[in-house]
Amino acid sequence: MNKAVSQSGRLIGQGMVRVDADGKVRGLTRYLNDIDYTGMLHGVVVRSPVARGRFKALVPDPAFDWSSVVVATAEDIPGENVVHMHDRTMPLLAEVGGELLYRGEPVAVVAAKTIELATEAAAHLRVEVEELPPLLTLQDAIAIFKKTPVKFDSMQDQDIVKGDLAKGFAAADDIIEAEYWAGHQEQLYIENQGFTVFPLADGSILCEGSLQCPYFPVHELNDPLQLPPEKIRVRQTPVGGAFGGKEEYPTMLIGYAALPALKSGKPVKITYDRHEDILFTPKRHPVWVRYKTGVKKDGTLTALECDFILDGGAYLTISDVVMFRGILHCALAYRCDNLIIRGRVARTHSFPCGAFRGFGAPQAIWGMESHIDAIAARLGKPPHTYRRQLHVRPGDVTPTGQILSKENGSTACLDLALQHAKFAQKRRQASRGKLRKGQTKYYGIGLSFFAHGAAFTGDGEAKFKAKGRMELALLDDGKPGVNIRVSSTEMGQGVHTIFTQIASDALALDPARIRFPMADTGLVPNSGPTVASRTTMVVGNVVYRASQDLKDQMESFASQRYFRGAKTVLKNSQFAAKSRRPLSFAKVARDMLTEHGPVNGFFEFKLPPDAKWDQVTFKGDSYPGYSWSANIAEVEIDPLTCELAVTRVTAVLDVGRVINPILAAGQVEGGLTQALGYAIMEKMGTGQNGLYDASRLQTYIIPTSLDTPIYDVKFVEYPYSFAPPGGKGLGELPMDGLAPAIANAVESAIGKRLRTIPITPEDLFAALHPAQGDNTP
């Protein structure tokens, strides 16, 4: 721990009980499907029956009674039929005469008084299509990329260049090349996607539902709905998990529900069942990454060439920024003066991929950390020794030219993980494909080391200008308190509790007098989306500074109103001046509200003044700060059944100031468990019909409590001093590095490297018995 900055405040650094725990534990929290709406219609989406084709007609069954059903098609879209995400290519609903680009692409929305009637009506609409040949998978796209690059359809390209690649390879004593693959991953939140849209008398709409980013629909649906931002109000209901899956997609769901709502004048609710949610919502992007690296005999990395290609699906949506984050993490953790990283987003005729915890970084780190082990093996160096030699430290320069600051726990994370897990000692016990004396299962241990950029890439935070206010008000109990007014959403990660702790310390106020109402774009400023490991670091700083602003205002009021201008301090929920009797917060707050009306503290986040970024060349300061981690995985593999068990995981993390250690450890264990599934279980392919082949809980296998290993989680603290209280990104970091640590452990156990995840028993059988199996991706 960095002792110079380890002192916590009154609540910051403490394991405060979650402020939302009581309602959730007792079943009092009301999610979208717990809310009864009067006069509501239920919506069902009608979809393309093919992966690619010409949309010829939508034909209603004349024998069906359509009198009590509302049908909305592209013809009912008031404005331009385009959803403005990161480009303007995706329609809200497909138009007759246009091309359908993926199986399940929406062509209409049906609404009725019951979900049963709406579902029946949707089945009586026939979608006539002239089928065209699709390109379904990333493997198909990469085959084209390798054979005929000019025919490869990339929706977004971006390169990172540092130094002189040719010079670097010329200086190398050896060159190591390899390819790595990873497939889709489903977020599998507990609460499925859902939204209700209310048409209002003034032509505006009110949208209530489960989402991460309330302001996204406000700005992305202006064109199709012909409504300005102030007439699209979005209100969050309690969110039963998201993991990125409720970042961009709720915009689409609101758009689908808005069309029949505006057409009928009645509220329309659309919620998915589990099967529909898995089939027709975004997933983690499949990836193909190819590394070519030059090294000297002493281990110096002289050159690195990387092709990093994601499967974006049929439309770009937000895949460009997922790819951007990916390439920024492809060579982030190690010293190399000469490199080129080429990022691409392949178009396939599949459902558009989107946000998932890690956002491109897990795909990048999976390839790089596997490759670093391969380089170490070629050099004859232990993997931990090689990482100690090569990893970046404060003062080193990243691939984009950013100089790493001293607020950097890279070495501390690596050293503590190796020491705590007894890595060197246990590595000598690895089976290497041969059972040692006393072993009945192959044993292996593997390491990964990595960073995660906190907040938006480059100048993203400068563009968003996260804003927040702290509102002095009478609370639900009629007594004075403070409302936190930001657009960050609670989705299980604990932000309501974290921000309450931050505000309490900044205000010197009892946390019982602080509330964090659900985000509502009609009431809160835009503090940016709840994504990108930015909430505690960026919006937490907004809450902290806005709380200080409110505190200053209240102290000034109390000084002038009660203490004749004497210096006044709010401490322990009381206003005190020298030699004066203290006054309660409630007394001062009531008088201030009576005399001044609404009182708010305000703050807008700005990047450090010396931060520089060029979005075209990808040169400069990629992120305001970096979190660091080392993961060590231990595995056992049954030589007969090829069953793989991860028995222990050691994780050491630098996430800056740890606001709530209990919640932080929970975040880490949850992320590691998702990464466990990504590494060894969660296999999802695309069939010839264009649909995912694992679209139910019976077929999409995730870890349970029986599969999770012993987790040994440790933190080191190197706070981000520019943005008090100093937290850095936590939510995504635990997802990033466990997959390669497990793959490296598997290689340690069986003596063979697998370059595709998830690693299943079938893959292990093929590796152990190559004449009887095939391990190609």
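Everything below is about the structure printed above this text.
About the thresholds
- Residues numbered from 1 in each chain as written.
- Predicted model: local features only at pLDDT ≥ 70, side-chain atom pairs only at ≥ 80, totals over all residues.
- Heavy atoms only, no water.
- Helix = DSSP H or I, 4+ residues; strand = E, 2+ residues; numbered from the N terminus.
- Rg over C-alpha atoms; globule rule 2.2 N^0.38 Å.
- Buried < 20%, exposed > 50% of the residue type's maximum accessible area, 1.4 Å probe, protein only.
- Contact = heavy atoms within 4.5 Å.
- Pairing = 2+ DSSP bridges.
- Axes fitted to C-alpha atoms, helices over the stretch in contact; angles between N-to-C directions.
- Core = buried A, V, L, I, M, F, W, Y, C linked by side-chain atoms within 4.5 Å.
- 1 Å grid on protein atoms, 1.4 Å probe; cavity = no way out; pocket = protein on both sides within 12 Å on 5 of 7 lines; lining within 4 Å.
- Points joined across faces, edges and corners; volume = space filled by probe spheres on them.
- Nonpolar A, V, L, I, M, F, W, Y, C, P; charged D, E, K, R; others polar.
- Domains from an automatic or database assignment.
- Phe/Tyr/Trp six-rings, centres within 6.5 Å; stacked < 30°, edge-to-face > 60°.
- Lys NZ or Arg CZ within 6 Å of the ring centre and 35° of its normal.

### A closer look at the overall build of the chain
From N to C terminus, the chain includes 21 helices and 29 strands. For 777 residues, the compact-globule estimate of 2.2 N^0.38 gives 28 Å, and the chain sits close to it at 27 Å. C-alpha atoms of the chain, sized along the principal axes, occupy 80 × 80 × 50 Å. When burial is assessed residue by residue, the chain has 62% of its 777 residues classed as buried. Taking the contacts inside the chain whose residues are at least 6 apart along the sequence as the reference set, 80% of them involve residues at least 24 apart.

### Looking at the sheet that holds strand E8 (residues 174–182)
Hydrogen bonds between backbone groups are what pair the strands of a sheet, and the pairing can be parallel or antiparallel. Ordered in space as E7-E15-E14-E13-E8-E29, the 6 strands form an open sheet in which the pairing is mixed. Of all the strands in the sheet, the pair left with one neighbour each is strand E7 (154–162) and strand E29 (756–757). Of the pairings in the sheet, the one linking strand E13 (residues 287–295) to strand E14 (residues 301–313) comprises 9 bridges and is antiparallel in character. The partner of valine 287 across the bridge, within E14, is leucine 310. Of the strands in this sheet, E7, E14 and strand E15 (339–347) touch helix H9 (residues 319–328), which is tilted by about 25° from E7.

### Notes on the nonpolar core
Side chains of a nonpolar character, in soluble globular proteins, are inclined to be buried together. Residues Leu304, Phe308, Ile742 and Ile750 are the most contacted members of the largest nonpolar core, which totals 109 residues. Dropping the residues within four chain positions of it, leucine 304 is found in contact with Leu165, Tyr291, Lys292, Thr293, Ala331, Cys336, Asn338, Leu339, Ile340, Ile341 and Met368. Among the nonpolar cores identified, the runner-up in size contains 52 residues, and Leu41, Val109, Ala111 and Tyr249 belong to it.

### Here we look at unusual backbone geometry
The peptide bond linking proline 724 to proline 725 adopts the cis configuration, its omega dihedral lying at 10°. For proline 725, the position within the fold is in the loop between strand E28 (710–716) and helix H19 (733–736). Here the residue pair isoleucine 757 and proline 758 is connected by a cis peptide bond, since its omega of 5° sits within 30 degrees of zero. With respect to the secondary-structure elements, proline 758 resides in the loop between E29 and helix H21 (761–768). Backbone geometry places asparagine 572, a non-glycine residue, at a positive phi of 55°. Looking at the secondary structure, you find asparagine 572 in the loop between strand E20 (568–571) and strand E21 (574–577).

### Quick look at empty space enclosed by the protein
A complete count under the given rule lists 3 cavities of 30 Å³ or more for this structure. Around the largest cavity, the lining residues are Met90, Tyr102, Glu248, Tyr249, Met252, Tyr256, Pro282, Thr317, Phe351, Pro352 and Cys353. Residues that form the lining of the largest cavity fall into these classes: 9 nonpolar, 1 polar and 1 charged. Here the lining of the largest cavity spans two domains, and each of domain 2 (34–133 + 188–279) and domain 3 (287–457 + 616–768) adds at least three residues to it.

### Notes on the environment of glycine 255
Looking at where glycine 255 falls in the secondary structure, it is placed in helix H7 (residues 249–264). Here the alpha-carbon distance between glycine 255 and cysteine 207, two residues 48 residues apart in the chain, equals 9.9 Å. When residues no more than four places from it in sequence are discounted, the contact partners of glycine 255 are Leu92 and Leu221.

### Comments concerning the layout of surface pockets
Estimated volume of the second largest pocket: approximately 870 Å³. As for the second largest pocket, its lining consists of 29 residues, and the residues nearest its centre are His86, Phe216, Val321, Phe456 and Phe464. Secondary-structure elements contributing two or more residues to the lining of the second largest pocket are helix H5 (215–220), H9 and helix H14 (460–464). For the lining of the second largest pocket, the leading source of residues is H5, giving 4 residues. Residue composition of the lining of the second largest pocket, grouped by class: 14 nonpolar, 10 polar and 5 charged.

### Regarding the packing of aromatic side chains
Under the criterion given, the structure shown has 22 aromatic pairs. For the pair phenylalanine 324 and phenylalanine 618, a centre-to-centre distance of 5.1 Å together with 65° between the ring planes defines the contact as edge-to-face. Of this pair, phenylalanine 324 sits in helix H9 while phenylalanine 618 sits in the loop between strand E24 (613–614) and strand E25 (619–620), placing them 294 residues apart in sequence. The pair phenylalanine 324 / phenylalanine 618 is uniform in exposure class, with both members buried. In this structure an aromatic cluster arises from ring pairing among Tyr102, Tyr249, Tyr272, Tyr315 and Phe351. Geometry around phenylalanine 356 places arginine 284 over its ring, the cationic atom sitting 4.1 Å from the centre. Above the plane of the ring of phenylalanine 169 lies lysine 292, whose end atom (NZ or CZ) is 4.9 Å from the centre.

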